[in-house]
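Geometric and topological summary
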Amino acid sequence: MARMLCKCGHTLSTVATPNDIELHVYTDREMDAIIAMDTMDPLDIPDPEREVWRCPQCERVYVFKGNKVVKTYVLESDDE
Ligand SMILES: [Zn+2]
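As the structure is a computational prediction, the values presented were derived from the model and not from experiment.

1. Remarks on the coordination of the zinc ion
At this site the zinc ion is bound by Cys6 (SG), Cys8 (SG), Cys55 (SG) and Cys58 (SG), with donor distances of 2.3 Å. Considering all four donor atoms around the zinc ion, the spread of angles at the metal, 105 to 113 degrees, places the coordination shape in the tetrahedral class. If you list the donors of the zinc ion from N- to C-terminus, the spacing comes out as C-x1-C-x46-C-x2-C. Taken together, the residues span a long stretch of sequence, with Cys8 in the loop between β1 (3-5) and β2 (11-13) and Cys58 in the loop between β4 (51-54) and β5 (61-65) at a distance of 50 residues.

Written out as structure tokens, the structure reads:
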């Protein structure tokens, strides 16, 4: 995935690097394994298991499996 339209209408793109769309999400256990690798080369760090994007406009979070969105998280309203 490099570009998609958010449900709010905002175009999300990770074509430019760095960008403010893609988040690198690791579990604490995965982070521990990365630290244990004791590497200074960022290219040695494995990609996260899932690609995660956040829309800067509505703050929806999309979780990908391969090129497909498998989960969408949307902010709850606290106005009640
Ligand atoms: Zn959005």
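2. Remarks on the packing of aromatic side chains
On inspection of all chains with the given rule, the structure shows one aromatic pair. Here Trp53 and Phe64 contribute two aromatic rings whose centre-to-centre distance is 4.9 Å and whose plane-to-plane angle is 55 degrees, an arrangement assigned as tilted. Placement of Trp53 in strand β4 and of Phe64 in strand β5 is noted, with a sequence separation of 11 residues between them. Look at Trp53 and you get buried, because its relative accessible area is 0%. With relative accessibility at 1%, the residue Phe64 sits in the buried group.

3. Structural notes on the pattern of salt bridges
Evaluation of the coordinates by the stated rule reveals one salt bridge. Here Arg50 and Glu49 are joined by a salt bridge, their closest N and O atoms 3.9 Å apart. Residue classification places Arg50 among the partly exposed residues on the basis of a relative accessible area of 31%. In this structure Glu49 comes out as exposed when scored by relative accessible area, which is 60%.

4. Details of the sheet that holds β5
Read from one edge to the other, the open sheet built from four strands follows the order β3-β4-β5-β6, with strand pairing classed as antiparallel. Edge positions in the sheet fall to β3 (22-23) and β6 (68-73), since each of these pairs with one other strand and no more. As paired elements, β3 and β4 share two bridges and run antiparallel to each other. Bridge assignment links Leu23 to a residue of β4, and that residue is Val52.

The rules behind these values
- Residues numbered from 1 in each chain as written.
- Predicted model: local features only at pLDDT ≥ 70, side-chain atom pairs only at ≥ 80, totals over all residues.
- Heavy atoms only, no water.
- Donors = N, O, S within 2.8 Å, 3.2 Å for Na, K, Ca; no water.
- Tetrahedral: all angles 85-135°; square planar, octahedral: opposite > 155°, others 65-115°.
- Helix = DSSP H or I, 4+ residues; strand = E, 2+ residues; numbered from the N terminus.
- Phe/Tyr/Trp six-rings, centres within 6.5 Å; stacked < 30°, edge-to-face > 60°.
- Buried < 20%, exposed > 50% of the residue type's maximum accessible area, 1.4 Å probe, protein only.
- Salt bridge = Lys/Arg side-chain N within 4 Å of Asp/Glu carboxyl O.
- Pairing = 2+ DSSP bridges.

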